[in-house]
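Fold and contact review
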Amino acid sequence: MKFYSTNNRDLQVDLRTAVTQGLAPDNGLYMPAQIPVLPEEFFQTIDQLSFQEMAFLVAQNLIGDDIPGLELKRIVEHTIQFDAPVVKIEQDLYALELFHGPTMAFKDFGARFMSQLLGYFAQQQDQEIVILVATSGDTGSAVANGFLGVKGTRVVVLYPSGKVSEIQEKQFTTLDHNITALEVDGTFDDCQRLVKEAFLDKDLRSKFFLTSANSINIARLIPQSFYYFYAYAQLKSQKKPLVFSIPSGNFGNLTGGLLAWRMGLPVHKFIAATNSNDVVPQYLESGLFSPRPSRQTISNAMDVGNPSNFVRILDLFDGNYAALSREISGYAFTDEQTGNAMRQVYAKDKYLMDPHGAIGYLGLKEYVSERNEQVTGVFLETAHPAKFKDVVEETLHSAIEIPSALEKFLLLEKKTIKTTAEFSVFKDFLLKGL
Ligand SMILES: *Cc1c(COP(=O)(O)O)cnc(C)c1O
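Below: a short report on this structure. Nothing here was measured: the structure is a model prediction, and the numbers come from that model. (Residues numbered from 1 in each chain as written. Predicted model: local features only at pLDDT ≥ 70, side-chain atom pairs only at ≥ 80, totals over all residues. Heavy atoms only, no water.)

A closer look at helix α7 (residues 166-173)
Of all eight residues in α7, seven are buried; the element is thus mostly enclosed. Turning to α7, its buried residues are Ile167, Gln168, Glu169, Lys170, Gln171, Phe172 and Thr173. Those residues of α7 that are buried are in contact with α6 (138-147), β7 (153-160), β8 (179-185) and α19 (404-410). (Buried < 20%, exposed > 50% of the residue type's maximum accessible area, 1.4 Å probe, protein only. Helix = DSSP H or I, 4+ residues; strand = E, 2+ residues; numbered from the N terminus. Contact = heavy atoms within 4.5 Å.)

Written out as structure tokens, the structure reads:
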């Protein structure tokens, strides 16, 4: 399978290049050159397949023979080591729980798949692959845990000192082995700038095989299509048209759903649900895309003012606004609405949503009340509520339990290397310290 750049469909590369480069040289994002529709038979028997089996067939459909079949099977099986159950909340309304992985957020799917792919490519070369990742929380923990112990790879996580929650920090500062955490005296933007400068630096580029693990990498996108099929399989007996509501920030998760739809998954509608960072819902309303600086909210993993995967969504519809807005509806919600939904659903349905999932829930509710259609609604629950313990406890006015998978990180000792936000210091560390 070839992948093209969204800036130039004639610029086509193989999977290895797309994954190790991340961003195309012309600053476009890579997309699969073909998205084959899966055979009828696959959908007829889908509910008899395991999650791993169906994910493998989907991966093979998109990736082709760039990876030998047995190797791809191993990669998929390693990625999917945990369930993604659909849980009934109310009549015709379900949560797709994507938080049963090691760091308890859906980013585990993308990070685990990408780490295995890069590990496979690293085996075929002499040089170690160095992955640089700037994080404000969830990405760093998923990437660090995904790459932990993967031969031929080394991960450097940069994060702003004092600006991530304790539980998030512990998930990427306690791992050792091939994971190094740099605690930067600065902001998240400083961390991102340091990573960007490193990619442009000749000395670093000649010494290291550098790559990034941010959400624009196609290797993180592909596995995000798997669980849409799995949700469909779990709800196959429902018969009503299926609507997915996706709490979105950079829109990688929604793009994964659109890939599944293009592969033939019968989805009636996608809902782009956001917090007050609502540039995509506004685009869906007006046809105008106006990125702007992000605003801080209680669903902070979605505080994105210029969503990077928007160009991929446009590309999937050939830039056709009418076609795009037929398939995707958009709604935005305030922190107050989010908190109210969390309290109501907890009281009425005994289900505890995290602030991100709550926005997905609200998106579905809004859609159903506006359209009055008979549909089966599924919202993506993207993280375990305990990952956002402070916000959740403040919202519910009561204490919540920390699952043992998260608790075990809290008991470990944090190990970081402190550094300033100056590029020369960071560069020196990479040249001498790695
Ligand atoms: C990253 C993240 C999101 C947003 O996903 P995108 O693919 O960037 O739209 C939503 N919820 C949680 C918990 C996240 O960590």
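Once you've had a look at it, read on.
Here's the deal with the pairing of strand β2 (residues 8-13)
When strand β1 (residues 3-5) meets β2, the two strands line up antiparallel, connected through three bridges. Across the sheet, Tyr4 pairs through a bridge with Gln12, a residue of β2. The hairpin turn running from β1 into β2, its antiparallel successor, is two residues long. (Pairing = 2+ DSSP bridges.)

What to know about the packing of aromatic side chains
Scanning the model with the defined rule gives 22 aromatic pairs in all. On the basis of an interplanar angle of 75 degrees and a centroid distance of 5.9 Å, the ring pair of Phe42 and Phe229 is categorised as edge-to-face. Of this pair, Phe42 sits in helix α2 (residues 40-44) while Phe229 sits in helix α11 (residues 226-234), and the two are 187 residues apart along the sequence. One exposure class covers both Phe42 and Phe229, and it is buried. Through pairs of rings, three or more aromatic residues link up here, namely Phe51, Phe82, Phe109, Tyr227, Tyr228, Tyr230, Phe244 and Phe270. Its guanidinium or amino end placed over the ring of Phe409, Lys408 lies 4.9 Å from that ring's centre, counting from NZ or CZ. (Phe/Tyr/Trp six-rings, centres within 6.5 Å; stacked < 30°, edge-to-face > 60°. Lys NZ or Arg CZ within 6 Å of the ring centre and 35° of its normal.)

Here we look at the sheet that holds strand β9 (residues 209-212)
Ordered by their spatial adjacency, five strands build an open sheet running β9-β6-β7-β8-β14, and the pairing between neighbours is parallel. With one partner strand each, in any of the chains shown, β9 and β14 (417-420) form the two edges of the open sheet. The sheet shows a mean angle of 30 degrees between the axes of neighbouring strands, taken without regard to direction. With six bridges connecting them, strand β6 (residues 129-134) and β7 associate as parallel partners. Residue pairing across strands places Ile129 opposite Thr153, the latter belonging to β7. Relative to the sheet, helix α5 (residues 107-123) contacts β6, β7 and β9, its axis offset from that of β6 by approximately 155 degrees. Across the sheet, α6 lies against β6, β7 and β8, angled at about 165 degrees from β7, the strand it touches most. (Axes fitted to C-alpha atoms, helices over the stretch in contact; angles between N-to-C directions.)

Some remarks on the pattern of salt bridges
Within this structure, the stated rule accounts for 21 salt bridges. Here Glu393 ties to Lys389 by a salt bridge, and the two come within 3.5 Å at their closest N and O atoms. With Glu393 and Lys389 both in helix α18 (residues 389-396), this residue pair falls four residues apart, about one helical turn. Under the relative-accessibility criterion, Glu393 is labelled buried at 18%. Residue Lys389 is classed as partly exposed on the basis of its relative accessible area, which comes to 30%. Each of Glu90, Lys348, Asp349 and Lys365 takes part in one network of salt bridges that share partners. (Salt bridge = Lys/Arg side-chain N within 4 Å of Asp/Glu carboxyl O.)

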